[in-house]
Amino acid sequence: MTFGNALYDQKLASVYDRMYPIDHDTALAVDFIADLAPPGGRVLEVGVGTGRIALPLAERGFRVHGIDGSEAMLAELRKRDPDGAVTTVVGDFTEEGTGLTFDVVTLVLNTFFVAITKEQQRNCLRLVREQLAPGGRFVLEAFDPAPYHTMDKPDFSMRHLDEGAIMLDTLTVDRSQQLMLGTHTIIDGGPPETREHVLRYAFPFEIDLLAELSGLRLVDRFEDWTGAPYTASSLRHVSVYERDAA
């Protein structure tokens, strides 16, 4: 398979928070990130999306910035943030940064995997390092790909978006390139609309190596936002990095 990625368009952006409902786990993520930043500190969310993490952090008094490649997702954020509490930049976070430095940089909800080549992922981490203030922390949340890496046929599932809409999902894995192709078909009363989304998954040890090559060092790794220990049976990880001494 040869894949190219596509940004979230207006249709996917409009249902994103129904695809990934804001829940107790989201609140735990906000708490976790807030504990790493000094009061009133500067926080950058890479792949800020609709602001599900950024806005609650801004409400706590942090100076929050976000970068995202999807104008449609940022438009959804602005609807929820009419006063501009979160400063946003439209840009490809694998190619450009903000030109600023931050006490905490975050990259959550598997967004790191949107970079669909090893080179893009390394460049993303290099840019994170450039934007991380001395003594700052970088927080990355992602799923552990081991269960998906063994898939030998497409996986089908359905999400209930609301009373009038469902989403049919098909997931295909190309182990040779560590790529996942998700096909989302939205049925909401009009003609069905299909969108594709590509991820390049990476195992935790691979992310650590890419981070090391980019000037970042692993400090802690947890199973989830509660701080539970990461073990061989963990299905995801919350990893905390710092700038190396160089």
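One structure accompanies this document, and this report is about it. Given the structure is predicted, the values throughout are model-derived calculations rather than measurements. (Residues numbered from 1 in each chain as written. Predicted model: local features only at pLDDT ≥ 70, side-chain atom pairs only at ≥ 80, totals over all residues. Heavy atoms only, no water.)

### Focus: the pairing of strand β8 (residues 179–187)
As a general feature of sheets, a regular strand has side chains that alternate between the two faces.
Argument step 1. Most of β8 sits out of view: eight of its nine residues are buried.
Argument step 2. Taken together, the nine bridges between strand β7 (residues 165–174) and β8 define a ladder with antiparallel strand orientation. Across the sheet, D174 pairs through a bridge with L179, a residue of β8.
Argument step 3. Counting the residues between successive antiparallel strands, the hairpin from β7 to β8 contains four residues, one of them, Q178, with a positive phi of roughly 55°.
Argument step 4. Where β8 lies against strand β9 (residues 193–200), eight bridges are found, and the strand directions are antiparallel. When the sheet's bridge partners are listed, L179 is paired in β9 with R200.
Argument step 5. Turn length for the β8-β9 hairpin, with the two strands adjacent in sequence and antiparallel, is five residues, and the turn residue G189 shows positive phi of about 105°. (Buried < 20%, exposed > 50% of the residue type's maximum accessible area, 1.4 Å probe, protein only. Helix = DSSP H or I, 4+ residues; strand = E, 2+ residues; numbered from the N terminus. Pairing = 2+ DSSP bridges.)

### Structural notes on empty space enclosed by the protein
Argument step 1. For the structure shown, the criterion picks out one cavity of 30 Å³ or more.
Argument step 2. Its boundaries defined by the atoms lining it, the largest cavity holds a volume of some 30 Å³.
Argument step 3. Taken together, V46, I67, F93, E96, G97, C124, L127, V128 and Q131 form the lining of the largest cavity.
Argument step 4. Among the elements that take part in the lining of the largest cavity, helix α5 (residues 118–130) stands out by supplying three residues, more than any other.
Argument step 5. For the lining of the largest cavity, a count of residues per class yields six nonpolar, two polar and one charged. (1 Å grid on protein atoms, 1.4 Å probe; cavity = no way out; pocket = protein on both sides within 12 Å on 5 of 7 lines; lining within 4 Å. Points joined across faces, edges and corners; volume = space filled by probe spheres on them. Nonpolar A, V, L, I, M, F, W, Y, C, P; charged D, E, K, R; others polar.)

### Observations concerning the pattern of salt bridges
Argument step 1. A full pass over the atoms with the stated rule returns 12 salt bridges.
Argument step 2. Between R159 and D169 there is a salt bridge; the shortest N-O distance is 2.6 Å. Of this pair, R159 sits in strand β6 (residues 155–162) while D169 is found in strand β7, placing the two residues 10 residues apart along the sequence.
Argument step 3. Across the pair D208 and R221 runs a salt bridge, and its minimum N-O distance is 2.6 Å. (Salt bridge = Lys/Arg side-chain N within 4 Å of Asp/Glu carboxyl O.)

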